[in-house]
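Residue-level listing of the chains:
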2 protein chains.
Amino acid sequence: MFNQLGVIGCGLMGGSFALALKRAGLVKRVIGYSKSPSTTERAKKLGVIDMAAESALLAVSGSDIVLVAVPVSATEATFKAIRHLVEPGVLFMDVGSTKRDVIDAARRVLKERVASFVPAHPIAGKEVSGIGNADAALYTNRQVILTPISQTNPDLVQKATDVWAAIGSQVLRMTPENHDAAFAAVSHLPHMLAFAYFNSVARQPAGKDFLSLAGPGFRDFTRIAASDPTVWRDILVSNREELLKQSMRFRHTLDAMEHVIKTGNIEALEDLIRGASDARAGWQMNAGKPPTNR
Amino acid sequence: MFNQLGVIGCGLMGGSFALALKRAGLVKRVIGYSKSPSTTERAKKLGVIDMAAESALLAVSGSDIVLVAVPVSATEATFKAIRHLVEPGVLFMDVGSTKRDVIDAARRVLKERVASFVPAHPIAGKEVSGIGNADAALYTNRQVILTPISQTNPDLVQKATDVWAAIGSQVLRMTPENHDAAFAAVSHLPHMLAFAYFNSVARQPAGKDFLSLAGPGFRDFTRIAASDPTVWRDILVSNREELLKQSMRFRHTLDAMEHVIKTGNIEALEDLIRGASDARAGWQMNAGKPPTNR
C-alpha cells in the first residue's frame, strides 16, 4: 500500500496506472502533473488524480511511488526537473517502449540516485491516446517488462514487481539490450510498416477510392497506423539501431517472397505462406512464459 | 427465389453462401461438390448442403444458380468440367479475389457461354478456412464487387446484384482492371507484407522468445498472416503485376520513413506518422460508397 502516487504525464498510460492502483486499493491519493494545465484539470475532473501539481517536482514531493509517463524524448528533461527529490526508498518507474535510451538519460541525470529508478515497459496500449481513454483495466493480463541495471535497488525492483502483479499484470525481467532488440522486432517494426503502408495506399492517385473498398483484413492490419505520432516518433528514433536491423531482415524475407512470385515458383511461395500461416495460427498472446515473481 | 443452388467447392466461402441463401429463404435446395468426398459429406452433415454431387458437372445439373468457390488457380479446370451445362439463364458466379485471370479463363473455356458468368468478389473472409467455419452472416454488411464484361448477360448481372443484396451485402460494380489494381493495394499487398513480416520475426535465432513478448498490436497486424496458403498462393501469383507495382510504392514510402529515422529528422518523421495516423483514425470500413442497385 502506498500513501501517494505521483503521475508525471497524465495521458493514457499514466492515467490508466492511477485508475488501476485506485481500483485495487493500493494507493491513498494520486497527484498528477502534465505540461498542459488543461490536461491535469481534466484528469482531476475525471477522478483519475486527486490533486493537480504545478510542476513535475511538486508531483514527486510527498509521493512514495512515482510514474513518469511522458513521451520517451521528454524523459531526460523530466528527470532533470525532479532529480533533487529522487530519494532512496521512493519507487520511480517509467512506461517507455524503449529502455536503453531512457536508462542512459537516467544515469546521466540522476547519477547515483539512479538506484531508485526501476525501468518498466507495460505491453499495453490503445490506438487512441489521452487521459479521456484512461482505463483501469489497461494493464490487466498484459505483460510488463522490468529492465533493472546493476545499480538498481533490488528492494525497489521487488516493490515494482509486486505493484504490477497486484493490478493483474504478468511481470518479466530482461536486460535493456534484450528488451530493445525484442520490441524492435515485435512492436516497433510493425508500427513503422503500418505507417509506411497506410501512406503508400492513401497517397496514390486512386488512394481514396481504394480505401473505400478495404475490408476487415485491412482494418486489422492498419489499426496500429492510427497510433500517437509524438509517442511513436520518439520510439522509432530512439530505438533506430535495432529497428533498422529488423527492417533489413524484413526486407530480405520480402525480397524472397517477391522473387518466388515473380518467377511463378508456386510451390516455394506456398511453402513461405504456409510457414507464416501455421506459425501464426499456433501463436497466442502471452502464452510464451508464465508470470514470474508472483 | 431459386430452385437449386449448386456449390462447387464446399469451403468457407461456398458454404457461407449456401447458408446465407438458406437463411434468407432464397433457395429450395443446395447441391454441393468438393474435390474431397469427405468435405462434401461434412457439408451435408452440417446442413450446409442438402445433396452431395459426385462431380462438378452434376452440381450444375438442374441448378438455376451456381457458385464456383474454388482457389483461383482451379477456376479454369472447373469451367472445363462444367462447360457443357453452362446454359443461358442460369446464373454462374465465382468468389475469386482476383478478376482478370478468372475472366480470361472463363473466356477461353466458355467461349460465347461466358455470357452466363457474372464475376464476383465478396470482400469477406476469415483467417480460418474450411466448411467447419462456414457462417450464414459472413457476407452481411460486406461489400461484393461484380466485374461484368461486355459479353455478360445484363439480366444475370441484375439477378446477381439482387441475390447478394438480399443476403445483406452492398453490391458495387467495377471493371476487372480497376478491381485488380484496388485489391492489390488494399488486400493482396498487406497479406504479402504480413506473411513476410511474420516469417522475418519467427525465423531469426531469438524468434521464439520475441514472439512470446508480442502484444495486441502485433496480434492484429499479423492476423491475416494466418490466412489459407493455397488460396493466397494463387491470389498473389495471379495478380502479381498489380501486386508488385503496389509493393514498389510501399518500398518507396518505407525508404522515405527509414531515411528520416536514420538522419534523426524528427519533424519530418512526425509528419509522416501524423499523416498515416490522422488518415487511419478517420477511415471507416464500408464508409466510402453507398450500396448501389438496391
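Residues numbered from 1 in each chain as written. Chains lettered and ligands numbered in written order. Predicted model: local features only at pLDDT ≥ 70, side-chain atom pairs only at ≥ 80, totals over all residues. Heavy atoms only, no water.

**Some points on the interface of chain B and chain A**
Here comes step 1: Each side of the interface is counted separately: chain B has 85 residues, and chain A has 86 residues.
Here comes step 2: When the two sides are added together, the surface that chain B and chain A hide from each other amounts to roughly 8,100 Å², 68% of it contributed by carbon and sulfur.
Here comes step 3: In this structure, the connection of chain B to chain A is made through 40 residue pairs in polar contact (both at pLDDT 80 or more).
Here comes step 4: Elements that contribute at least two residues to the side of chain B that touches chain A include exactly strand 8 (143–146), helix 7 (176–202), helix 8 (207–213), helix 9 (216–221), helix 10 (229–238), helix 11 (240–262) and helix 12 (266–282) of chain B.
Here comes step 5: If one sorts the elements of the side of chain B that touches chain A by residue count, helix 7 of chain B sits on top with 17 residues.
Here comes step 6: Tallied by class, the residues present in the side of chain B that touches chain A amount to 49 nonpolar, 18 polar and 18 charged. (Contact = heavy atoms within 4.5 Å. Buried area = accessible area lost by both parts, 1.4 Å probe. Polar contact = N/O pair within 3.5 Å; in protein donor to acceptor, adjacent residues only side chain to side chain. Helix = DSSP H or I, 4+ residues; strand = E, 2+ residues; numbered from the N terminus. Nonpolar A, V, L, I, M, F, W, Y, C, P; charged D, E, K, R; others polar.)

**Some words on the packing of aromatic side chains**
Here comes step 1: Scanning the entire structure with this criterion turns up 17 aromatic pairs over all chains.
Here comes step 2: Note on Phe17 of chain B and Trp164 of chain B: the rings are 4.8 Å apart at their centroids and 50° apart in plane angle, and the pair reads as tilted. Here the residue Phe17 of chain B occupies a position in helix 1 (residues 12–23), and Trp164 of chain B occupies one in helix 6 (residues 154–166), the gap between them amounting to 147 residues.
Here comes step 3: According to the relative accessible area criterion, Trp164 of chain B is buried, its value standing at 0%.
Here comes step 4: One aromatic cluster is present, built from ring pairs that chain together Tyr197, Phe198, Phe218, Phe221 and Trp283 of chain A together with Tyr197, Phe198, Phe218, Phe221 and Trp283 of chain B. (Phe/Tyr/Trp six-rings, centres within 6.5 Å; stacked < 30°, edge-to-face > 60°. Buried < 20%, exposed > 50% of the residue type's maximum accessible area, 1.4 Å probe, protein only.)

**Structural notes on the packing of helix 11 (residues 240–262) of chain A against helix 7 of chain B**
Helix-helix packing: each pair is described by the crossing angle between the helix axes and the interaxial distance.
Here comes step 1: Across the interface, helix 11 of chain A lies against helix 7 of chain B with an axial gap of 8 Å and an inter-helix angle of 130°. By the angle class used here, helix 11 of chain A and helix 7 of chain B are oblique. Crossing of helix 11 of chain A against helix 7 of chain B: the hand is right-handed. Side by side, helix 11 of chain A and helix 7 of chain B meet where Arg249, Phe250, Thr253, Leu254, Met257, Glu258 and Ile261 of chain A of the first sit next to Met192, Leu193, Phe195, Ala196, Tyr197, Asn199 and Ser200 of chain B of the second.
Here comes step 2: Broken down by class, the residue content of the contact of helix 11 of chain A with helix 7 of chain B amounts to nine nonpolar, three polar and two charged. (Axes fitted to C-alpha atoms, helices over the stretch in contact; angles between N-to-C directions. Parallel < 35°, antiparallel > 145°, perpendicular 65-115°, else oblique. Left-handed = near helix turned anticlockwise from the far one by under 90°.)

**Focus on the nonpolar core**
Here comes step 1: Judged by nonpolar contacts, the single largest core of 129 residues is most densely connected at Phe250 of chain A together with Ile8 and Phe250 of chain B.
Here comes step 2: What Phe250 of chain A contacts, discounting residues up to four positions off in sequence, is Leu189 and Leu193 of chain A together with Leu193, Ala196, Tyr197, Ser200, Phe250 and Leu254 of chain B. (Core = buried A, V, L, I, M, F, W, Y, C linked by side-chain atoms within 4.5 Å.)

**Notes on the relation of the copies chain B and chain A**
Here comes step 1: By a simple turn and slide, chain B fits onto chain A: the slide is 0.0 Å along the axis, the RMSD is 0.0 Å, and the turn is 180°. With respect to symmetry, the two chain copies, as superposed, fit the operation of a two-fold axis. No C-alpha of chain B approaches the rotation axis more nearly than that of Phe221 of chain B, which lies at 2.1 Å.
Here comes step 2: A symmetric contact is evident, with 100% of the interface residues of chain B recurring at the interface of chain A. (Least-squares fit on C-alpha atoms with pLDDT ≥ 70 in both.)

**Some remarks on the packing of helix 12 (residues 266–282) of chain A against helix 10 of chain B**
Here comes step 1: At a minimum axis separation of 9 Å, helix 12 of chain A and helix 10 of chain B run at an interaxial angle of 130°. Considered as vectors, helix 12 of chain A and helix 10 of chain B are oriented oblique to each other. The handedness of the crossing between helix 12 of chain A and helix 10 of chain B comes out as right-handed. On the side of helix 12 of chain A, the interface is formed by Ile266, Leu269, Glu270, Ile273, Arg274 and Ser277 of chain A, while helix 10 of chain B contributes Pro229, Thr230, Trp232, Arg233, Asp234, Leu236 and Val237 of chain B.
Here comes step 2: Residues that form the contact of helix 12 of chain A with helix 10 of chain B fall into these classes: seven nonpolar, two polar and four charged.

**Considering the environment of Arg100 of chain B**
Residues and elements named next belong to chain B.
Here comes step 1: Among the secondary structure elements, Arg100 is positioned in helix 5 (residues 100–110).
Here comes step 2: Sequence separation between Arg100 and Phe210 is 110 residues, and the spatial gap between their C-alpha atoms is 40 Å.
Here comes step 3: In this structure, Arg100 is in contact with Pro176, Glu177, Asp180, Asn239, Glu241 and Glu242, ignoring residues within four places of it in sequence.

**Overview of helix 4 (residues 75–82) of chain A**
Given 3.6 residues per helical turn, the α-helix brings residues three or four places apart onto the same face.
Residue and element names in this part refer to chain A.
Here comes step 1: Among the residues of helix 4, Thr75, Thr78, Phe79 and Ile82 are the ones counted as buried. The arc that holds every buried residue of helix 4, seen down its axis, measures 100°, which confines them to one face.
Here comes step 2: Where the residues of helix 4 are buried, they touch strand 1 (2–8), helix 3 (56–60), strand 4 (65–68), strand 5 (91–94), helix 5 (100–110) and strand 6 (117–118). (Arc of directions from axis to C-beta.)

**With respect to empty space enclosed by the protein**
Here comes step 1: Considering all chains together, one arrives at one cavity of 30 Å³ or more under this definition.
Here comes step 2: Within this model, the largest cavity holds a volume of roughly 40 Å³. (1 Å grid on protein atoms, 1.4 Å probe; cavity = no way out; pocket = protein on both sides within 12 Å on 5 of 7 lines; lining within 4 Å. Points joined across faces, edges and corners; volume = space filled by probe spheres on them.)

**Quick look at the sheet that holds strand 8 of chain B**
Residue and element names in this part refer to chain B.
Here comes step 1: Spatial strand order, 7-8-9: three strands in an open sheet with mixed pairing. If you trace the sheet from one side to the other, it starts and ends with strand 7 (120–122) and strand 9 (170–173), each paired once. In this sheet, adjacent strand axes meet at a mean angle of 20° when their direction is disregarded.
Here comes step 2: Pairing of strand 7 with strand 8 involves three bridges; the strand directions are antiparallel. Bridge pairing in strand 8 places Pro122 opposite Val144. (Pairing = 2+ DSSP bridges.)

**Description of the confidence of the model for chain A**
Here comes step 1: When pLDDT is averaged along chain A, the result is 95, and 97% of the positions lie at 70 or above.
Here comes step 2: Taken as a whole, residues 290–294 of chain A scores under 50 in pLDDT and shows ten contacts with residues more than four places along the chain or in a different chain. (pLDDT = per-residue confidence, 0-100.)

**So, the side chain of Ser277 of chain B**
Here comes step 1: Structurally, Ser277 of chain B can be placed in helix 12.
Here comes step 2: Separated by 3.0 Å, the side chain of Ser277 of chain B and the backbone oxygen of Ala226 of chain A make a polar contact.

**Description of the domain arrangement of chain A**
All names here are of chain A.
Here comes step 1: Parsing chain A into structural domains produces domain 1 (2–174) and domain 2 (179–282).
Here comes step 2: A C-alpha centroid distance of 31 Å is found between domain 1 and domain 2.
Here comes step 3: Contact between domain 1 and domain 2 buries roughly 1,300 Å² in total, counting both sides, with carbon and sulfur atoms accounting for 58%.
Here comes step 4: By the criterion of area lost to domain 2, the three top residues of domain 1 are Thr98, Arg100 and Glu127, representing 39% of everything that side buries.
Here comes step 5: On inspection of domain 1 and its partner domain 2, the count reaches one salt bridge.
Here comes step 6: The shortest N-O distance in the salt bridge between Asp180 and Arg100 comes to 3.4 Å. (Domains from an automatic or database assignment. Salt bridge = Lys/Arg side-chain N within 4 Å of Asp/Glu carboxyl O.)

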